[in-house]
Amino acid sequence: GITNVSVSAQVANMVSDTAKPSDTPIEAPTTHDVLFGRGGMTNGHPGNRRFRDIIALHRPDYINASKMDKPNVARRIVRAIRQG
């Protein structure tokens, strides 16, 4: 079955494909930033908790979507993340 990880992975790939990465490090991440990495620091960051909440909200749509429509669901998730 589909897990949150696979939905998250598709969204992360889509974010990296559609957003030009910055060369400037962020010294003080805001509550809307999603931090990549492993462990408690990134898991507990407010932006990452918000990211997981958004993924959970859209998970049923993603699971029920056809293979062709899954990217559209992922785009809606990316849009929700970017809108704050």
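A quick note: this is a predicted structure, and the numbers were derived from the prediction, not measured. (Residues numbered from 1 in each chain as written. Predicted model: local features only at pLDDT ≥ 70, side-chain atom pairs only at ≥ 80, totals over all residues. Heavy atoms only, no water.)

Draft legend 1. Looking closely at the overall build of the chain. For the chain, the helix and strand inventory stands at four helices and zero strands. What you see in the chain, going N to C, is helices and strands ordered as α-α-α-α. Relative to its full complement of 84 residues, the chain shows a buried share of 27%. If you take every contact in the chain between residues at least 6 apart in sequence, the share linking residues at least 24 apart comes to 54%. For the chain, the accessible surface area stands at approximately 6000 Å², while carbon and sulfur atoms represent 56% of it. (Helix = DSSP H or I, 4+ residues; strand = E, 2+ residues; numbered from the N terminus. Buried < 20%, exposed > 50% of the residue type's maximum accessible area, 1.4 Å probe, protein only. Contact = heavy atoms within 4.5 Å. Areas by Shrake-Rupley, 256 points an atom, 1.4 Å probe, with all protein chains shown as cover.)

Draft legend 2. Representation of the pattern of salt bridges. Following the criterion strictly, the structure yields one salt bridge and no others. Among the salt bridges present, the one from Arg76 reaches Asp61, with a minimum N-O distance of 4.0 Å. Placement of the pair is Arg76 in helix α4 (residues 70-83) and Asp61 in helix α3 (residues 46-64), with a sequence separation of 15 residues. (Salt bridge = Lys/Arg side-chain N within 4 Å of Asp/Glu carboxyl O.)

Draft legend 3. Geometry of the packing of aromatic side chains. Applying the stated criterion across every chain yields a total of zero aromatic pairs. For the cation-ring pair, Lys70 lies above Tyr62, with the distance from its terminal atom to the ring centre recorded as 4.4 Å. (Phe/Tyr/Trp six-rings, centres within 6.5 Å; stacked < 30°, edge-to-face > 60°. Lys NZ or Arg CZ within 6 Å of the ring centre and 35° of its normal.)

Draft legend 4. Local environment of the environment of Asp33. Structurally, Asp33 is set in the loop between α1 (4-18) and α2 (40-44). Exposure remark for Asp33: the relative accessible area of 22% places this residue in the partly exposed category. It is 9.0 Å that separates the C-alpha atoms of Asp33 and Phe51, two residues lying 18 residues apart in sequence. If near-sequence neighbours (up to four positions away) are discounted, Asp33 is found in contact with Ile26, His45, Gly47 and Asn48. A polar contact is formed between the side chain of Asp33 and the backbone nitrogen of Thr30, at a distance of 2.7 Å. (Polar contact = N/O pair within 3.5 Å; in protein donor to acceptor, adjacent residues only side chain to side chain.)

Draft legend 5. Here's a closer look at the nonpolar core. Core analysis: the biggest nonpolar cluster contains eight residues, these being Phe51, Ile54, Ile55, Tyr62, Ala65, Val73, Ile77 and Ile81. Sorting the residues of this core by element identifies α3 and α4 as the ones contributing at least two each. For this core, the element with the highest residue contribution is α3, accounting for four residues. (Core = buried A, V, L, I, M, F, W, Y, C linked by side-chain atoms within 4.5 Å.)

Any functional reading would require information that these geometric values do not contain.
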